[in-house]
Amino acid sequence: MPTNILEIIVTQLTIYKAIGEKAMADLSDDELYWTYNKDSNSIVVLVKHLAGNMLSRWTDFLITDGEKDWRDRNAEFSNDFIVRDELLNRWENGWACLFDTLNSLKEVDLNKIVLINRQPITINETIIKNVAHYAYHIGQIVFISKLLRNKENNSYI
């Protein structure tokens, strides 16, 4: 049982990660590219975006701006061809970066200031915003998977 806020956050994010993985595992490779319409995102796009965000935000977290110069955020939203193994590798790399950083933090770090897009923000606020962001997109992944597979509402929990 987690005893501090960072352990609770890592535990919850681990659950979100597993839910996303179950939703993706239910789909064929082609279904990972499915979009409801031209303005919606596929699971491929959502995973690329999540991984890009995680790598940018959590690489060198305490010493560099969370929006890295090397990130091409716009490219994350192209539904270009990517094989499942590469997609899942990006997914894993993003989560590993996030978890490595969170596991390196101490509770005394949570009120420290970091930069995101050159704007000062507390680590606490950064974590809360990103947990919400990741849960939001994982919810989209689950929704797409349920649409394509007609799953019951609780099938991924």
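Up top is the structure these notes are about.
In short, a report on the structure. (Residues numbered from 1 in each chain as written. Predicted model: local features only at pLDDT ≥ 70, side-chain atom pairs only at ≥ 80, totals over all residues. Heavy atoms only, no water.)

Some details on the overall build of the protein chain
Item 1. When its secondary structure is counted, the protein chain shows four helices and two strands.
Item 2. Each helix (α) and strand (β) of the protein chain, taken in turn from the N terminus, gives the series α-α-α-β-β-α.
Item 3. Its C-alpha atoms give the protein chain a radius of gyration of 16 Å, within 12% of the compact-globule value 15 Å for 157 residues.
Item 4. Projected onto its principal axes, the C-alpha coordinates of the protein chain cover approximately 45 × 40 × 25 Å.
Item 5. Burial status across the protein chain gives 42% buried among its 157 residues.
Item 6. Look at the contacts in the protein chain between residues 6 or more apart in sequence, and 72% of them connect residues 24 or more apart.
Item 7. As displayed, the protein chain offers around 8,900 Å² of accessible surface, 53% of which is attributable to carbon and sulfur atoms.
Item 8. Averaging the coordinates of the 17 positive side-chain charges in the protein chain and doing the same for the 22 negative ones gives two points 3 Å apart. (Helix = DSSP H or I, 4+ residues; strand = E, 2+ residues; numbered from the N terminus. Rg over C-alpha atoms; globule rule 2.2 N^0.38 Å. Buried < 20%, exposed > 50% of the residue type's maximum accessible area, 1.4 Å probe, protein only. Contact = heavy atoms within 4.5 Å. Areas by Shrake-Rupley, 256 points an atom, 1.4 Å probe, with all protein chains shown as cover. Lys, Arg positive; Asp, Glu negative; His and termini not counted. Charge placed at Lys NZ, Arg CZ, Asp CG, Glu CD.)

Things to note about the pairing of strand S2 (residues 119–122)
Every regular strand shows the same layout, with side chains that alternate between the two sheet faces.
Item 1. The pairing of strand S1 (residues 113–116) with S2 spans four bridges and is antiparallel. Looking across to S2, one finds that Leu115 is bridged to Pro120. (Pairing = 2+ DSSP bridges.)

With respect to the environment of Ser42
Item 1. For Ser42, the position within the fold is in the loop between helix H1 (5–25) and helix H2 (43–58).
Item 2. Along the sequence, Ser42 and Ser78 sit 36 residues apart, while their C-alpha atoms lie 9.3 Å from each other.
Item 3. With sequence-adjacent residues up to four places away left out, Ser42 is seen in contact with Leu32, Tyr33, Trp34, Thr35, Asn79 and Ile144.
Item 4. Of the polar contacts made by the side chain of Ser42, one reaches the backbone nitrogen of Val44; its length is 3.3 Å. (Polar contact = N/O pair within 3.5 Å; in protein donor to acceptor, adjacent residues only side chain to side chain.)

Observations regarding the pattern of salt bridges
Item 1. According to the stated counting rule, one finds 12 salt bridges in the structure shown.
Item 2. A salt bridge links Lys48 to Asp80, with the nearest nitrogen and oxygen atoms 2.5 Å apart. One end of the pair, Lys48, is in helix H2; the other, Asp80, is in the loop between H2 and helix H3 (84–104), and 32 residues separate them in sequence.
Item 3. Arg90 is the salt-bridge partner of Glu86, the closest N and O atoms lying 3.2 Å from each other. (Salt bridge = Lys/Arg side-chain N within 4 Å of Asp/Glu carboxyl O.)

So, unusual backbone geometry
Item 1. Its identity is not glycine, yet Asn117 carries a phi of approximately 55 degrees, on the positive side.
Item 2. Judged by relative accessible area, which is 41%, Asn117 ranks as partly exposed.
Item 3. The backbone phi angle of Arg118 is positive, close to 65 degrees, even though this residue is not glycine.
Item 4. With respect to the secondary-structure elements, Arg118 resides in the loop between S1 and S2.
Item 5. By relative accessible area, Arg118 is classed as exposed at 70%.

Digging into the packing of H1 against helix H4 (residues 123–149)
Item 1. With their axes 9 Å apart at the nearest point, H1 and H4 run at an angle of 20 degrees to one another. Overall, the two elements H1 and H4 adopt an arrangement that is roughly parallel. Here H1 and H4 pass one another in a crossing that is left-handed. Side by side, H1 and H4 meet where Leu6, Ile9, Leu13, Tyr16, Lys17, Ile19, Gly20, Ala23 and Met24 of the first sit next to Ile127, Val131, Tyr134, Ala135, Ile138, Ile141, Val142 and Ser145 of the second.
Item 2. Residues that form the contact of H1 with H4 fall into these classes: 14 nonpolar, two polar and one charged. (Axes fitted to C-alpha atoms, helices over the stretch in contact; angles between N-to-C directions. Parallel < 35°, antiparallel > 145°, perpendicular 65-115°, else oblique. Left-handed = near helix turned anticlockwise from the far one by under 90°. Nonpolar A, V, L, I, M, F, W, Y, C, P; charged D, E, K, R; others polar.)

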